[in-house]
Amino acid sequence: MGFSEIIGHGKQLDTLRSALVQGRLHHAYLFVGPEGVGKRTIALSLARAIHCSDRPGDFCDQCANCARIEASNHPDVRFIGPLPDKKEISIQQIREIEKELNFRSFSGGRKIAVIDPATLMNLAAQNALLKTLEEPPQNSILILIASNSGGLLPTLRSRCLRLSFGPLRRDLLAGFLAAKGTAAETVNLLSAISGGSLGTAMRIDGEDLREKRQVWSGLLSALKAGDYRAATETAEALSSNKEETSKFLEWAETWYRDLLIHTVTQDSKDIINLDLLAQIEEHCAHGDIEHLLSLLAQTAAASAQIQRNFNRRMVLEDLFFTVVGAR
Ligand SMILES: [Zn+2]
């Protein structure tokens with residue numbers, strides 16, 4: 001591997017690589033961006049490039065240093081997250097890191113600590129880290145990773161050099177999934193549904209999703225105006241467990257989004273569920289934009305409610321009553 005094999009984020013990588021070769025790396029970075037777009041991979045790659053003994057300014061993944069970093073087993077590179085049975089990163093963990101960063105480097109390079117997710121540091125931990133950042137140990141680099149920097153103290157944020165990472169482009173994701181041997185129809189669906197997150201695309205079982213989607217789109221298409229009984233039955237069928245309900249709603253958002261886009265543009269270019277185009281066109285023949293907009297908003301709200309453990313059946317019933325209420 002090497003920097004050239006990282007997907008996307010060309011500008012951010014250029015910034016880091018030129019700082020690396022010029023010996024001008026900052027002592028603290030804040031990587032901010034959505035889950036699963038590659039922030040941790042890039043932190044890991046930077047750590048490897050700093051310590052790699054074979055490829056100056058890049059990394060080989062073969063040498064002892066690269067291998068040990070990859071295996072989270074390098075004495076100069078530490079990853080900090082909440083301990084197994086804890087929800088927060090504690091002040092003790094931060095103090096230990098500070099102590100370690102002050103030790104001499106094992107391999108003569110720089111000591112690196114990656115805190116991921118940084119937002120899980122409690123207030124005491126953040127304050128302790130702030131002290132470290134005020135007098136950074138020589139030859140050390142701290143990398144804070146967060147999907148949203150809102151949970152971090154402004155004083156902490158201001159002491160870090162911020163690099164923002166956006167969602168990955170659909171074509172880059174598709175290329176990666178195809179190269180991994182994913183079937184073409186699944187590649188399309190996954191790269192579209194994952195919102196630019198490689199992590200999400202990898203987490204979803206594409207084949208399983210495609211099969212379920214056939215069932216789900218059938219159920220939604222069968223909901224006819226005024227048929228509240230069918231709405232109740234469908235809600236019951238889809239509420240048996242939280243994970244399934246969440247998956248259904250995640251997909252239903254793409255469905256209503258597709259119906260909306262197709263109704264407005266009469267074009268299939270940006271459709272996610274492209275293999276269900278015939279069904280989408282049938283719906284759109286009598287599409288009502290306002291109704292679709294409210295369904296899209298309600299589906300997103302329902303997803304959030306399911307995460308907060310609302311009664312699944314009631315949430316779905318509400319949604320499906322809206323579906324059959326105004327067609
Ligand atoms: Zn190497």
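How each quantity is defined
- Residues numbered from 1 in each chain as written.
- Predicted model: local features only at pLDDT ≥ 70, side-chain atom pairs only at ≥ 80, totals over all residues.
- Buried ≥ 20, exposed ≤ 12 C-beta atoms within 10 Å, placed from the backbone.
- Helix = DSSP H or I, 4+ residues; strand = E, 2+ residues; numbered from the N terminus.
- Pairing = 2+ DSSP bridges.
- Contact = placed C-beta atoms within 7 Å.

Enquirer: Describe the pairing of strand 4 (residues 140–146), and please don't skip the residues or the numbers.
Expert: On any regular strand, side chains alternate: one points to one face of the sheet, the next to the other face. Where burial is concerned, most of strand 4 is hidden: seven out of the seven residues are buried. Covered by surrounding structure in strand 4 are S140, L142, L144 and A146 together with I141, I143 and I145, the residues of both alternating faces. Of the strand pairs in this sheet, strand 1 (residues 28–32) and strand 4 are connected by five bridges, and their pairing is parallel. Looking at the pairing, Y29 lines up with I143 of strand 4.

Enquirer: Residue-level account of the environment of I112, with values.
Expert: Residue placement: I112 occurs in strand 3 (residues 111–115). For I112, a count of 26 C-beta atoms within 10 Å gives the class buried. Residues I112 and D76, spaced 36 residues apart in sequence, show a C-alpha to C-alpha distance of 6.1 Å. Not counting chain neighbours up to four residues away, the residues in contact with I112 comprise A47, I50, D76, V77, I141 and I143.

Enquirer: So, the environment of P82: which residues are in play, and what are the values?
Expert: Within the secondary structure layout, P82 lies in the loop between strand 2 (77–80) and helix 4 (91–102). Spatially, the C-alpha atom of P82 lies 8.2 Å from that of M121, the residues being 39 residues apart in sequence. Dropping the residues within four chain positions of it, P82 is found in contact with K87, E88, I89 and L120.

Enquirer: So, unusual backbone geometry: which residues are in play, and what are the values?
Expert: Cis geometry is adopted by the peptide bond preceding P117, which originates at D116 and carries an omega value of -5°. Here P117 shows up in the loop between strand 3 and helix 5 (123–134). In the Ramachandran plot, S72 falls in the positive-phi region, its phi being about 55° despite a non-glycine side chain. Structurally, the position occupied by S72 is in the loop between helix 3 (64–70) and strand 2. Taking the number of C-beta atoms within 10 Å as the measure of exposure, S72 has 10 and is therefore exposed. Notably, N139 is not glycine yet its phi reads approximately 55°, a positive angle. Assessed through the 16 C-beta atoms surrounding it within 10 Å, N139 is described here as partly exposed.

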